Amino acid sequence: MPASYAYLGPEGTFTEVALRTLPETATRQLIPYVSVQSALDAVRGGEAEAAFVPIENSVEGGITTTLDELVAGEPLMIYREVLLSITFALLVRPGTALSDIKTVSAHPAAQPQVRNWLKANLPEAVWESAASNADAARLVQEGRYDAAFAGEFAASRYGLAALETGIHDAENAQTRFVLVGRPARPAAPTGADKTSIVLWQRDDHPGGLRDLLGEFATRGINLMVLQSRPTGAGIGNYCFCIDAEGHITDRRVADALMGLKRICRDVRFLGSYPRANVTAADVPAPLTGTSDSAFVAAADWVARCQDGRF
C-alpha cells in the first residue's frame, strides 16, 4: 500500500488542488480529513506520512487553527510550502438565482476575501461557516445552505452550478500551504530557504520583543512573518511565530537560533525548507559581515586566539 498524505478535505478543496502540484503525490495515497487538527493528528498517530494544510493567506494573514496546532502538542516539522492563487466561485444548486440566496457558506478564512463582493451583491444573506470550502459545497448539495464560496472546480464534484466566478476582493490573493511531517533531518539547503520557529519569552519585560528581534537583526536575517499567538495561560501571555529567511545549516541562522535558545524560555523549531516564491538567484546577498563565510572566519579567529595563534 502506498504511503499516504492527509489533507484538509473533503475532496474539491483548494488544499487538494495545491497538494496535487507536488510531484511526489503521484506515488502517495491522498486522504481527506475533516479538519486541520485531524489531518495533523493523523501524522502524530502514524496514520499518514505527512499532512498538507493551509497556514497563511495574503488577505488575513495566518490561519490560526494551523498555527495553534503547530505551537502545541507533539512537535511536527514543515518540509515544503506551496503558494496557490485563490479566486472563488459562487456555487448553487442548478436553477438557483441570485435573488433566491438567503444563506451562504464557506471556510472562515474565505469570508475576508469575499466580504465586499458579498456586501455589494448579497447584502441580506446570512453567513454560515463550514469546515472547508468544499464542505460548504457539500452542504449546499444537501440543501442545508443556498450557496457556497468555493473553487469553481468543486462544482462538478458536488453537482452544483457556478452562478458567479472570479470572485475576490483583493487582486492576486494567495494562500500558502505547508507539508508537515514528523521531526527528522531537514532537507539540504537550496540557497532560497525559510526557517520557521516558535518563541516563548522567559518573562514579560520592557524591550523583550526587541531582544528577540535583535538576535536576527545583528546577523542580517530578514523576517518574513512575525505574529503572536495566545498561550492559553491568561490575558497578555503570548508566544511568537516567526518565519525567517535562511536555513538552519546557514551559520548566521544557526547562530541566531543559539542566541534565542539562550534567552528564551523555550524555542520550537518548525523546520527549514525551500521557499515557494523564489529561486536561489533571487535571494539578495547577506549584508557585509553576516555571510556564512564571515561567520566561519570569525569563529576561526576566536579559535586561533584561544590557541595563542593570533
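Just so it is clear, the model here is predicted, and its values are computed rather than measured. (Residues numbered from 1 in each chain as written. Predicted model: local features only at pLDDT ≥ 70, side-chain atom pairs only at ≥ 80, totals over all residues. Heavy atoms only, no water.)

For the protein, the count of helices and strands is nine helices and 15 strands. Projected onto the principal axes, the alpha-carbon positions of the protein cover approximately 85 × 50 × 35 Å. Out of the 310 residues in the protein, the part that is buried amounts to 46%. Residue pairs at least 24 apart in sequence account for 76% of intrachain contacts in the protein once pairs closer than 6 positions are excluded. Carbon together with sulfur atoms contributes 52% to the accessible area of the protein, which is approximately 15,000 Å² in total. In the protein, 28 positive and 36 negative side-chain charges are present, and the distance between their average locations comes to 5 Å. (Helix = DSSP H or I, 4+ residues; strand = E, 2+ residues; numbered from the N terminus. Buried < 20%, exposed > 50% of the residue type's maximum accessible area, 1.4 Å probe, protein only. Contact = heavy atoms within 4.5 Å. Areas by Shrake-Rupley, 256 points an atom, 1.4 Å probe, with all protein chains shown as cover. Lys, Arg positive; Asp, Glu negative; His and termini not counted. Charge placed at Lys NZ, Arg CZ, Asp CG, Glu CD.)

One finds F52, F88, L90, V104, L122, W127 and F149 to be the most contacted residues of the largest nonpolar core, which totals 30 residues. Setting aside residues no more than four positions away along its own chain, W127 makes contact with V104, A106, H107, A110, Q111, V114, L118 and F149. Core analysis: the second largest hydrophobic core is formed by 25 residues, A42, V43, W200 and C239 among them. (Core = buried A, V, L, I, M, F, W, Y, C linked by side-chain atoms within 4.5 Å.)

A few words on the packing of aromatic side chains. Scanning the entire structure with this criterion turns up five aromatic pairs. Seen in terms of ring centroids, F14 and F88 are 5.5 Å apart; in terms of plane orientation they differ by 85 degrees. Their pairing is edge-to-face. Highlighted residues: F14 in helix 1 (residues 14–19) and F88 in strand 6 (residues 88–92), separated in sequence by 74 residues. For the pair formed by F14 and F88, the shared burial category is buried. Measuring from ring centre to ring centre gives 5.8 Å for W117 and F149, while their planes differ by 90 degrees; the resulting arrangement is edge-to-face. Of the two residues, W117 sits in helix 4 (residues 111–121) while F149 sits in strand 9 (residues 147–150), which places them 32 residues apart along the sequence. (Phe/Tyr/Trp six-rings, centres within 6.5 Å; stacked < 30°, edge-to-face > 60°.)

Attention now goes to the pairing of strand 6. For strand 6, the buried fraction is high: five of the five residues fall into the buried class. By the bridge criterion, four bridges tie strand 6 to strand 10 (residues 161–167) in an arrangement that is antiparallel. What sits directly across from V92, in strand 10, is A161. (Pairing = 2+ DSSP bridges.)

Before going further, it helps to examine the packing of helix 7 (residues 208–217) against helix 8 (residues 251–263). Where helix 7 contacts helix 8, the two axes come as close as 8 Å, and the packing angle between them is 160 degrees. Our classification of the angle between helix 7 and helix 8 gives roughly antiparallel. Between helix 7 and helix 8 lies a crossing whose hand is right-handed. Here D211, L212, E215 and F216 of helix 7 lie close against helix 8, whose contacting residues are A256, G259, L260 and I263. (Axes fitted to C-alpha atoms, helices over the stretch in contact; angles between N-to-C directions. Parallel < 35°, antiparallel > 145°, perpendicular 65-115°, else oblique. Left-handed = near helix turned anticlockwise from the far one by under 90°.)

According to UniProt, the feature "domain: Prephenate dehydratase" (unreviewed entry) maps to residues 4–182 in the numbering used here. Each end of residues 4–182 is marked by a C-alpha atom, and these two atoms are 13 Å apart; helix forms 26% of the span and strand 34%. (UniProt positions renumbered as here; feature names shortened; annotations may be inferred.)

Before going further, it helps to spend a moment on the sheet that holds strand 14 (residues 238–245). Taken in spatial order, the four strands line up as 13-14-12-15 in an open sheet, and their pairing is antiparallel. One side of each edge strand has no neighbouring strand; the edge strands of this open sheet are strand 13 (223–230) and strand 15 (264–274). Adjacent strand axes in the sheet meet at a mean angle of 15 degrees, parallel and antiparallel pairs treated alike. Direction of pairing for strand 12 (residues 193–201) relative to strand 14: antiparallel, over a ladder of six bridges. Note on strand 14: the bridge partner recorded for V198 is C241. The sheet strands contacting helix 3 (residues 64–71) are strand 12, strand 13, strand 14 and strand 15, and the helix crosses strand 13 at an angle near 80 degrees.

Interface size, as often reported, equals the accessible area lost upon joining of the parts. Per the domain assignment, the segments of the protein are domain 1 (1–86 + 173–184), domain 2 (88–167) and domain 3 (186–310). Each of domain 1 and domain 2 has a C-alpha centre, and these two points are 23 Å apart. Counting residues at the interface gives 15 residues for domain 1 and 15 residues for domain 2. Summed over both sides, the interface of domain 1 with domain 2 buries roughly 1,200 Å², with 66% coming from carbon and sulfur. (Domains from an automatic or database assignment. Buried area = accessible area lost by both parts, 1.4 Å probe.)

For the rest of this paragraph, the subject is the environment of A217. Considering the arrangement of structural elements, one finds A217 in helix 7. Overall, A217 belongs to the exposed group, its relative accessible area being 58%. With 124 residues separating them in the primary sequence, A217 and R93 have C-alpha atoms 54 Å apart.

Mapping T165 onto the fold places it in strand 10. Owing to a relative accessible area of 43%, T165 belongs among the partly exposed residues under this scheme. Along the backbone, T165 and R93 are 72 residues apart, and their C-alpha atoms lie at a distance of 15 Å. The residues contacting T165, other than those within four sequence positions of it, are F88, A89 and E152.

Glancing now at helix 3. Among the residues making up helix 3, those that are buried are T66, L67, E69, L70 and V71. Positive backbone phi, approximately 75 degrees, marks G73, located one or two places after helix 3.

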